[in-house]
Amino acid sequence: MATATGKRLAGKTILITGASSGIGRSTALEFARTSPKDLKIIVTARRLDKIQQLAEDIKKEVGEGIKVHPVQLDVSSANAVSEFVNQLPEEFKQIDVLVNNAGMVKGVAQAPDIAPADLSEMFATNVTGLINMTQAVLPIMKARKNEGMHADMPGAGDIINIGSIAGREAYVGGSIYCATKAAVRSFTEAMRKELVSTRIRIIEIDPGQVETEFSVVRFGGDKSKADAVYKGVEPLTPDDIAEVVVFAAGRRENVVLADTLVYPNHQGAATVMHRKPA
Ligand code: NAP
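(A) Summary view of the overall build of the chain. For the chain, the count of helices and strands is 9 helices and 7 strands. Over its C-alpha trace the chain gives a radius of gyration of 18 Å, about what one expects of a compact globule, namely 19 Å for 278 residues. Overall size of the chain, expressed as C-alpha extent along the three principal axes, is 55 × 40 × 35 Å. Here the chain, with 278 residues, has 40% of them falling under the buried criterion.

So, in structure tokens, the structure goes:
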């Protein structure tokens, strides 16, 4: 029997950025598991092989009730993003839920030693990319008609932005990443206010420490440095965040999970965590 969340999500079209690994990949799977009979999911990332594999994995686990459309996309290119949205196949065009998840961090350098290329890439992905996606998808949501008591107020859909504890609290060695996530937070809050007369929900979910490819990317592929980040602690899994994303999208339309901070049990702030001795 379908859960209330499963029933509310049925028939929807979900678009997820950064679905080739970590939180994005888990989110696609969790949506599919929650509403396995009637859902369309568009999964995007730069690594096409990974999202094609994800589409296969979803079909294998959940069956043919889910239509998955994998598309290679670099969110930092405004042209690529608008072309992608314009060229979506007819049956995937009516996006109901946008999960702005693509994001990354490079290095732990401090000013004045931050490489200009790292600075540009972090802002281009985490901030400009998220805004590119939002601007391309928002017209679809704003044009959506409502019924009943909201018939005179067009606009419906969900934009779920994956922020970070780093956007609430800056830490040493994370100045640029923290600044990008603080920018996401400001953009999200402004949009929630700007769209208040519509039924569009603007949702931010801020994870604490999650074990994904995030730290491997931060240290340029150095797995031992990435592993050291999680030494003596038990980080969240990407599935933990995926469950919160799907929960937020699956609330009754009048319920907005506006802003959520999610920690593992050992974490009390960006850099306050209890580590077990080795
Ligand atoms: P991850 O495993 O490294 O996944 C990041 C995803 O973003 C990948 O699918 C990557 O795919 C995609 N991506 C990166 N640059 C992109 C671009 N220019 N265009 C399109 N896709 C791009 O890391 P994750 O932890 O799941 O990160 C997901 C989100 O959670 C990020 O926004 C991150 O800032 C946030 N977050 C993570 C943590 C954590 O501790 N892990 C904590 C708080 C917040 P491709 O490389 O294939 O493009």
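(B) Layout of the nonpolar core. Core analysis: the biggest nonpolar cluster contains 63 residues, and Ala28, Ile41, Val43, Leu98, Val137, Ile160 and Val245 have the highest contact counts within it. A per-element tally of this core places helix 5 (residues 116-142) first, with 8 residues. In contact with Val245, not counting residues within four places along its chain, are Thr27, Val99, Ile160 and Ile205.

(C) Representation of the site of the ligand in the model. Among the 32 residues in the neighbourhood of the ligand, the closest are listed as Gly18, Gly22, Arg46, Arg47 and Gly103. No other element matches the 3 residues that helix 2 (residues 22-34) contributes to the shell around the ligand.

(D) Examining helix 2 more closely. End to end, helix 2 covers 18 Å across 13 residues, agreeing with the expected 18 Å (1.5 Å per residue, within 8%). Across the 13 residues of helix 2, 12 count as buried, placing the element largely inside the fold. Residues of helix 2 that are buried include every one of Gly22, Ile23, Gly24, Arg25, Ser26, Thr27, Ala28, Leu29, Glu30, Phe31, Ala32 and Thr34, and no others.

(E) Structural detail: the pairing of strand 2 (residues 39-45). The buried count for strand 2 comes to 7 of 7 residues, which makes it a mostly enclosed element. Looking at chain direction, strand 1 (residues 13-16) and strand 2 are connected through 4 bridges and run parallel. Bridge assignment links Ile16 to a residue of strand 2, and that residue is Val43. Crossover handedness for the path strand 1 to helix 2 to strand 2: right-handed. Here 7 bridges tie strand 2 to strand 3 (residues 66-72), and the two strands are oriented parallel to one another. The partner of Ile41 across the bridge, within strand 3, is Val68.

(F) Region of the structure containing the pairing of strand 6 (residues 199-207). Extensive coverage of strand 6 is indicated by the burial of 8 of its 9 residues. Judged from the 7 bridges that link them, strand 5 (residues 156-162) and strand 6 form a sheet pairing that is parallel. Within strand 6, the position partnered with Ile160 by the bridge is Ile203. Here strand 6 pairs with strand 7 (residues 259-262) via 4 bridges, running parallel. For Glu204, the partnering residue across the bridge sits in strand 7 and is Asp259.

(G) Representation of the packing of helix 4 (residues 78-86) against helix 5 in the model. The interhelical angle for the contact between helix 4 and helix 5, taken along N-to-C directions, is 30 degrees, at an axis separation of 9 Å. The angle between helix 4 and helix 5 falls in the class roughly parallel. At the point where helix 4 passes helix 5, the crossing takes the right-handed sense. Contacts from Ala78, Val81, Ser82 and Val85 in helix 4 reach Asn132, Met133, Ala136 and Val137 in helix 5. Of the residues in the contact of helix 4 with helix 5, the class split is 6 nonpolar, 2 polar and no charged.

(H) Layout of the packing of helix 5 against helix 6 (residues 175-194). Closest axis-to-axis distance for the helix 5/helix 6 pair is 9 Å, and the angle between their directions is 15 degrees. Compared by their axis directions, helix 5 and helix 6 come out roughly parallel. Pair helix 5 / helix 6 crosses with right-handed handedness. Every residue of helix 6 that contacts helix 5 at Leu119, Met122, Phe123, Asn126, Val127, Leu130 and Ile131 is listed here: Ile176, Tyr177, Thr180, Lys181, Ala183, Val184 and Phe187. Of the residues contributing to the contact of helix 5 with helix 6, the split by class is 11 nonpolar, 2 polar and 1 charged.

Definitions and limits used
- Residues numbered from 1 in each chain as written.
- Predicted model: local features only at pLDDT ≥ 70, side-chain atom pairs only at ≥ 80, totals over all residues.
- Helix = DSSP H or I, 4+ residues; strand = E, 2+ residues; numbered from the N terminus.
- Rg over C-alpha atoms; globule rule 2.2 N^0.38 Å.
- Buried ≥ 20, exposed ≤ 12 C-beta atoms within 10 Å, placed from the backbone.
- Core = buried A, V, L, I, M, F, W, Y, C linked by C-beta atoms within 7 Å.
- Contact = placed C-beta atoms within 7 Å.
- Near = placed C-beta within 6 Å.
- Expected span 1.5 Å × (residues − 1).
- Pairing = 2+ DSSP bridges.
- Right-handed = clockwise from strand over helix to strand, strands pointing away.
- Axes fitted to C-alpha atoms, helices over the stretch in contact; angles between N-to-C directions.
- Parallel < 35°, antiparallel > 145°, perpendicular 65-115°, else oblique.
- Left-handed = near helix turned anticlockwise from the far one by under 90°.
- Nonpolar A, V, L, I, M, F, W, Y, C, P; charged D, E, K, R; others polar.

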